[in-house]
Amino acid sequence: LFFGKELLPVLGRARFLGLFLGAGVVSSIAQVAWPFVAPESLRYSQYQLGLGASGAVNAVVAYNILTYPGRIMMLFMAVPVPAIFPGLIFLGKDVYGILTPDASYTNAAAHMGGTVSGVLFWLMTFNLRRGIPFMGIKC
């Protein structure tokens, strides 16, 4: 909730909704595609179903951390750190999860799809916020 509320003034409702829903779709596609494209040692069952909602949350977190990397966050509600550090930990757990299939049924492929969506959306809108067109799109 914190990350989304902070991004609404930056993106506006329509772009925020586009980020969230678009990342949800990309996350779902990543989850479905992973068993078919991953090396055999990293695959999980193609019948392990899920939706991209957690991937959409990852997109919002990634976008927020890229927008405010120096923002101070409380790690474990006790240690003040720049937002980029928990962001890297957040990303690292999913990289670890995708490289070491485990029995936790956490869908790291969907999480990574969401994170990548957030990063790409941030790159796409970064210059739009400054009035510079991106691929012909003007703000």
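Residues numbered from 1 in each chain as written. Predicted model: local features only at pLDDT ≥ 70, side-chain atom pairs only at ≥ 80, totals over all residues. Heavy atoms only, no water.

Student: How should I be thinking about the packing of helix 2 (residues 53-67) against helix 3 (residues 84-99) in this particular structure?
Tutor: Geometrically, a packed helix pair is captured by the angle between its two axes and the distance between the axes. Contact geometry of helix 2 with helix 3 gives a least axis separation of 10 Å together with a crossing angle of 145°. In the packing of helix 2 onto helix 3, the handedness of the crossing is left-handed. Contacts from Asn58, Val61 and Ile65 of helix 2 reach helix 3 at Ile84, Gly87, Phe90 and Asp94. For the contact of helix 2 with helix 3, the class distribution of residues is four nonpolar, two polar and one charged. (Axes fitted to C-alpha atoms, helices over the stretch in contact; angles between N-to-C directions. Helix = DSSP H or I, 4+ residues; strand = E, 2+ residues; numbered from the N terminus. Left-handed = near helix turned anticlockwise from the far one by under 90°. Contact = heavy atoms within 4.5 Å. Nonpolar A, V, L, I, M, F, W, Y, C, P; charged D, E, K, R; others polar.)

Student: Is there a simple way to explain unusual backbone geometry in this structure?
Tutor: Keep in mind that most residues, glycine aside, have a negative phi and that most peptide bonds are trans. Unlike most non-glycine residues, Met77 shows phi in positive territory, near 55°. Topologically, Met77 is positioned in the loop between strand 1 (72-75) and strand 2 (79-82).

Student: Would you mind going over the packing of helix 2 against helix 4 (residues 108-126) with me for this structure?
Tutor: Remark: helix 2 packs on helix 4, axes separated minimally by 7 Å, with the N-to-C direction vectors making an angle of 40°. When the axes of helix 2 and helix 4 are compared, the pair comes out oblique. Crossing geometry of helix 2 relative to helix 4 is assigned as right-handed. Across the interface between the two elements, Ser54, Gly55, Asn58, Ala59, Ala62, Tyr63, Leu66 and Thr67 from helix 2 touch Ala110, His111, Gly114, Thr115, Gly118, Val119, Phe121, Trp122 and Thr125 from helix 4. When grouped by side-chain class, the residues that make up the contact of helix 2 with helix 4 number eight nonpolar, nine polar and no charged. (Parallel < 35°, antiparallel > 145°, perpendicular 65-115°, else oblique.)

Student: What is the right way to read a nonpolar patch on the surface from this model?
Tutor: Taken together, Val116, Val119, Leu120 and Leu123 make up a surface patch of nonpolar side chains, about 320 Å² in accessible area. Residue position: Leu120 is located in helix 4. Residue Leu120 is classed as exposed on the basis of its relative accessible area, which comes to 51%. (Patch = residues over 30% accessible without salt bridge, like charges linked within 9 Å, V, L, I, M, F, W, Y side chains within 5 Å. Areas by Shrake-Rupley, 256 points an atom, 1.4 Å probe, with all protein chains shown as cover. Salt bridge = Lys/Arg side-chain N within 4 Å of Asp/Glu carboxyl O. Buried < 20%, exposed > 50% of the residue type's maximum accessible area, 1.4 Å probe, protein only.)

Student: I tried to follow the packing of aromatic side chains on my own but got confused; where do I start?
Tutor: The geometry of two aromatic rings is summed up by the distance between their centres and the angle between their planes. If you walk through the whole model with that rule in mind, you get one aromatic pair. A centroid spacing of 5.9 Å and a plane angle of 55° characterise the contact between Tyr63 and Phe121, whose relative ring orientation is tilted. Placement of the pair is Tyr63 in helix 2 and Phe121 in helix 4, with a sequence separation of 58 residues. On the basis of relative accessibility, which here comes to 0%, the residue Tyr63 falls in the buried class. Seen from the ring of Tyr68, Arg71 lies directly overhead, with NZ or CZ sitting 4.3 Å from the centre. Sitting over the ring of Phe90, Lys93 keeps its end group 4.8 Å from the ring centre. (Phe/Tyr/Trp six-rings, centres within 6.5 Å; stacked < 30°, edge-to-face > 60°. Lys NZ or Arg CZ within 6 Å of the ring centre and 35° of its normal.)

Student: Looking at this structure, how should I read helix 2?
Tutor: In an α-helix, one turn spans 3.6 residues; hence positions three or four apart end up facing the same way. Taking 1.5 Å of rise per residue, 15 residues should cover 21 Å, and helix 2 covers 21 Å from first to last C-alpha, within 8% of that figure. With 11 of its 15 residues buried, helix 2 lies for the most part within the structure. Of the residues making up helix 2, those classed as buried are Gly55, Ala56, Asn58, Ala59, Val60, Val61, Ala62, Tyr63, Asn64, Ile65 and Thr67. (Expected span 1.5 Å × (residues − 1).)

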